[in-house]
Amino acid sequence: QVQLVESGGGLVQAGGSLRLSCVATIPTFSRDAVGWYRQAPGNQREFVATIFSDGSVDYADSVKGRFTISRDNAKNTVYLQMDSLKPEDTAVYYCNLRQWLTRTTFWGQGTQATVSS
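All values reported here derive from a predicted model rather than from experimental measurement.

The rules behind the values
- Residues numbered from 1 in each chain as written.
- Predicted model: local features only at pLDDT ≥ 70, side-chain atom pairs only at ≥ 80, totals over all residues.
- Heavy atoms only, no water.
- Helix = DSSP H or I, 4+ residues; strand = E, 2+ residues; numbered from the N terminus.
- Buried < 20%, exposed > 50% of the residue type's maximum accessible area, 1.4 Å probe, protein only.
- Polar contact = N/O pair within 3.5 Å; in protein donor to acceptor, adjacent residues only side chain to side chain.
- Pairing = 2+ DSSP bridges.
- Axes fitted to C-alpha atoms, helices over the stretch in contact; angles between N-to-C directions.
- Salt bridge = Lys/Arg side-chain N within 4 Å of Asp/Glu carboxyl O.
- Core = buried A, V, L, I, M, F, W, Y, C linked by side-chain atoms within 4.5 Å.
- Phe/Tyr/Trp six-rings, centres within 6.5 Å; stacked < 30°, edge-to-face > 60°.
- Lys NZ or Arg CZ within 6 Å of the ring centre and 35° of its normal.

J.: It is not clear to me how the environment of Asp61 should be interpreted in this structure. Could you clarify?
T.: Along the chain, Asp61 falls in the loop between strand E6 (57-59) and strand E7 (67-72). Under the relative-accessibility criterion, Asp61 is labelled exposed at 64%. Only 3.2 Å separates the side chain of Asp61 from the side chain of Lys64, close enough to count as a polar contact.

J.: For this particular structure, what's the right way to read the sheet that holds strand E3 (residues 18-24)?
T.: Strands pair in a sheet through their backbones, by hydrogen bonds, and they do so in one of two ways: parallel or antiparallel. Taken together, the four strands give an open sheet; going across it, the order is E1-E3-E8-E7, and neighbouring strands pair in antiparallel fashion. The open sheet has two edge strands with one neighbour each: strand E1 (4-7) and E7. Between one strand and the next, the sheet's axes are offset by a mean angle of 15°, whatever the strand orientation.

J.: Mind showing me how you'd approach the pattern of salt bridges here?
T.: A side chain of one charge can pair with a side chain of the opposite charge if their charged atoms are brought near each other. Counted by the stated rule, this structure contains four salt bridges. A salt bridge links Asp89 to Arg38, with the shortest nitrogen-to-oxygen separation between them at 2.9 Å. Of the two residues, Asp89 is situated in the loop between strand E8 (77-82) and strand E9 (91-98) and Arg38 in strand E4 (residues 33-39); the sequence distance between them amounts to 51 residues. In this pair, the class of Asp89 matches that of Arg38, namely buried. Between Asp89 and Arg66 there is a salt bridge whose closest N-O contact spans 2.7 Å. Here Arg66 lies in the loop between E6 and E7 and Asp89 lies in the loop between E8 and E9, a separation of 23 residues in the sequence. Arg66 shares its class with Asp89; the two are buried.

J.: Honestly, the pairing of strand E11 (residues 111-116) in this entry has me stumped. Any pointers?
T.: Here is the key point about a regular strand: its side chains alternate between the two faces of the sheet. Here E11 shows one buried face, formed by Thr111, Ala113 and Val115, and one open face, formed by Gln112, Thr114 and Ser116. In this sheet, E11 lies alongside E9 in antiparallel orientation, the contact comprising three bridges. The residue bridging Tyr93 from the neighbouring strand is Thr111, located in E11.

J.: Honestly, the nonpolar core in this entry has me stumped. Any pointers?
T.: Nonpolar side chains in soluble globular proteins tend to be buried together. Within the largest apolar cluster, 28 residues are counted, with the highest numbers of intra-cluster contacts made by Trp36, Leu80, Met82 and Tyr93. Among the secondary structure elements, those contributing two or more residues to this core are E3, E4, strand E5 (46-51), E7, E8, E9 and E11.

J.: What exactly am I supposed to notice about the packing of aromatic side chains here?
T.: Geometry of an aromatic ring pair is reported as the spacing of the ring centres plus the angle between the planes. Tallied over the full model, the rule gives two aromatic pairs. Taking 5.6 Å as the distance between ring centres and 75° as the angle between the ring planes, the aromatic pair formed by Tyr37 and Phe47 counts as edge-to-face. Separated by ten residues along the polypeptide, Tyr37 in strand E4 and Phe47 in strand E5 bring together distant segments of the chain. On the numbers, 5.1 Å between centres and 70° between planes, the contact of Tyr37 with Trp107 is edge-to-face. Remark: Trp107 occurs in strand E10 (residues 105-107) and Tyr37 occurs in strand E4; sequence separation between them is 70 residues. By relative accessible area, Tyr37 is classed as partly exposed at 24%. On the basis of relative accessible area, Trp107 is assigned to the partly exposed category, the value being 38%. Here the aromatic residues Tyr37, Phe47 and Trp107 are joined through ring pairs into a cluster of three or more. One Lys or Arg, Arg19, reaches over the ring of Tyr79 and ends 4.0 Å from the middle of that ring. Directly above the aromatic system of Trp107 lies the positively charged group of Arg45, at a separation of 4.7 Å from the ring centroid.

Now the structure itself:
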C-alpha cells in the first residue's frame, strides 16, 4: 500500500522559512513525478510545485523565486524549501505523487504551515 508521509510544517513569522519533507513508500519513486499542493481555509487545493524523474521542476507563479523543490531518490523523499514566507502562504500542504506506469495519483495526509504577520 502506497503511503506518503509529510512533515516539517509549523508556525513561522513572515519572512521566515520552513522545510517540508515527504517520504513515499513506493518502489518506483525515482521514476515518479512528485510535488506539493496546498489548501487554505475556504479555498480550493492549488498546485505549488512539482519535480519530475529527470529533475526538471515547475512552480506556481505565486511561489517562484521563494520556494525550492528537490528530491532524494535514495531516501524516497521530496522536499519543499519555503523561504521569504508570507501570511498568504498559510495552508495545509499536501504531498502528491503520480506513478509513472499506471498514472495513479497518491496524496499524503497534509501538514499545516502557518505564517504570522
